[in-house]
Amino acid sequence: MPELTLDVWRAAAVALCEYACGYTAGRSKDDPVYVSVTEGRDGPGPEQRARYSSCGDLAHWMYMRLGIRAPWLNRNDDDSFGPWKPGRNITRLWGTACPFDREPPNAPNWVPEAGDVMLIWNTGLDAHVMVSLGRDGAALRTANYGAGGMSPLPFPGAKIASKPITHHQGKPFYGTRQIQRYLPLGLAVQHITARPNLEGAKLTGEHFDAIERGWNAAGR
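Described in the following lines is the structure provided in the data block. Residue numbering note: each chain is counted from 1, following its sequence as written. For a predicted model such as this one, the threshold for reporting local features is a pLDDT of at least 70, and the threshold for listing and counting side-chain atom pairs is 80 or more; totals across whole chains, interfaces and linings nevertheless cover every residue. To obtain the side-chain values, all non-hydrogen atoms of the structure were used and water was disregarded.

## Comments concerning the environment of Ala11
- Working definition: helices are DSSP H or I runs of at least four residues, strands are E runs of at least two. Numbering for both runs from the N terminus. Within the secondary structure layout, Ala11 lies in helix α1 (residues 6–21).
- Residue burial is assigned from relative accessible area. The probe radius is 1.4 Å, only protein chains are included, and a residue is buried under 20% of its type maximum, exposed over 50%, and partly exposed in between. Overall, the relative accessible area of 21% leaves Ala11 in the partly exposed class.
- A sequence separation of 104 residues divides Ala11 from Gly115, and the C-alpha atoms of the two residues are 8.0 Å apart.
- Ignoring any residue separated from it by four or fewer positions in sequence, one finds Ala11 in contact with Leu203 and His207. Residue contacts follow a heavy-atom distance rule, with two residues in contact if any of their heavy atoms lie within 4.5 Å.

## Brief notes about unusual backbone geometry
- Following Gly43, the chain continues to Pro44 via a peptide bond in cis, the omega torsion being 15 degrees.
- Inspection of the secondary structure puts Pro44 in the loop between α2 (32–37) and α3 (46–49).
- For the peptide bond that leads from Phe155 to Pro156, omega is 0 degrees, which places it in the cis range.
- Here Pro156 is to be found in the loop between β3 (139–145) and β4 (158–168).

## Considering the pairing of strand β5 (residues 171–174)
- At least two DSSP bridges between two strands are required for those strands to pair. Where β4 and β5 come together, 4 bridges link them in antiparallel fashion. Counted as the bridge partner of Thr166 is Phe173 from β5.
- Turn length for the β4-β5 hairpin, with the two strands adjacent in sequence and antiparallel, is 2 residues, and the turn residue Gln169 shows positive phi of about 50 degrees.
- Where β5 and strand β6 (residues 177–183) come together, 2 bridges link them in antiparallel fashion. Residue pairing in the sheet places Tyr174 in a bridge with Arg177 of β6.
- Counted between consecutive antiparallel strands, the loop separating β5 from β6 contains 2 residues, among which Gly175 sits at a positive phi close to 65 degrees.

## Here's the deal with the pattern of salt bridges
- Whenever a carboxyl oxygen of Asp or Glu lies within 4 Å of a side-chain nitrogen of Lys or Arg, that contact is scored as a salt bridge. Within the structure shown, the criterion is met by 11 salt bridges.
- Here Arg10 ties to Asp116 by a salt bridge, and the two come within 3.5 Å at their closest N and O atoms. Placement of Arg10 in helix α1 and of Asp116 in the loop between α4 (55–66) and β1 (117–120) is noted, with a sequence separation of 106 residues between them. This pair shows no difference in class: Arg10 is buried, exactly as Asp116 is.
- Connected through shared salt-bridge partners, Glu39, Arg41, Asp57, Arg75 and Asp77 make up one network.

## Some words on the side chain of Arg92
- Relative to the elements of secondary structure, Arg92 occurs in the loop between α4 and β1.
- For the buried Arg92, no salt bridge exists, and the shortest N-O distance to an oppositely charged side chain is 7.2 Å, to Asp78. His residues and chain termini do not enter the charge count, which takes Lys and Arg as positive and Asp and Glu as negative.

## Here we look at the nonpolar core
- Among the nonpolar cores identified, the biggest contains 50 residues, and Leu58, Trp61, Met62, Tyr63, Leu66, Trp72 and Val117 are the most heavily contacted of them.
- If you list the elements that add at least two residues to this core, you get α1, α2, α4, β1, β2 (128–136), β3, α5 (185–188) and α6 (205–217).
- A total of 11 residues in this core trace back to one element, the largest contributor, which is α1.
- The contacts of Leu66, once residues within four sequence positions are left out, are Trp9, Ala12, Ala13, Leu16, Leu185, Ile192, Ala194 and Pro196.
- To form a nonpolar core, buried Ala, Val, Leu, Ile, Met, Phe, Trp, Tyr and Cys residues must be joined to one another through side-chain atoms within 4.5 Å. Formed by 11 residues, the second largest nonpolar core is a distinct cluster that contains Val111, Leu140, Ala161 and Ile165.

## Structural notes on the packing of aromatic side chains
- Under the pairing criterion, centres of Phe, Tyr and Trp rings, with the six-membered ring standing for Trp, must be within 6.5 Å; the plane angle then separates stacked pairs below 30 degrees from edge-to-face pairs above 60, leaving the rest tilted. Evaluation of the coordinates by the stated rule reveals 7 aromatic pairs.
- Look at Tyr52 and Trp84: their rings are 6.2 Å apart centre to centre, the planes differ by 55 degrees, and that puts the pair in the tilted class. Of this pair, Tyr52 sits in the loop between α3 and α4 while Trp84 is found in the loop between α4 and β1, placing the two residues 32 residues apart along the sequence.
- Residue classification places Tyr52 among the buried positions, given a relative accessible area of 11%.
- When the centroid spacing of 5.4 Å and the interplanar angle of 80 degrees are considered together, the rings of Trp72 and Phe100 count as edge-to-face. Of the two residues, Trp72 is situated in the loop between α4 and β1 and Phe100 in the loop between α4 and β1; the sequence distance between them amounts to 28 residues.

Right, here's the structure in full:
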């Protein structure tokens, strides 16, 4: 029976993000789960969709669902530290805003772990946020919102992707874009202060029990 280890939190993060992305089918921007994760910002119609990028919403939603409440979390439904702010979904995940933002190590075999959040870009104008779901053979599975970019079309809204991690001059790349920053899940879970909400996540009963026991044991 698993204790409340980092592996349990990784399983929870992956299960939440797979649910949010609709597993292999993906989710449209009209899907109720997608609307919940984006808090209705990517719509309701094509004019609004063409002006909104949802890629950062998934990471903030995952952290909120895991039980993090912090000033850098950009949500309305966390009921803390004020409402969602436009233009902050990515900037609040790196630099001085987020206490566990890290630069990838200069190591030829480094790959983000399941539950780690990745920020990738080459020029800055092509910035994208995704969540690692773990290795897929020689590739890395990732959970992605903003799958269709700032498109007026309803599909795709969210999807799971799989691309190789390569290293060029000591820098890691996911597909063709460089991994500029990452947020290790092992550091993120140290900021959990609220009871996790794992609704929709496909986890074993043992994992649910481990999280519940760990929460109760912490005296919260």
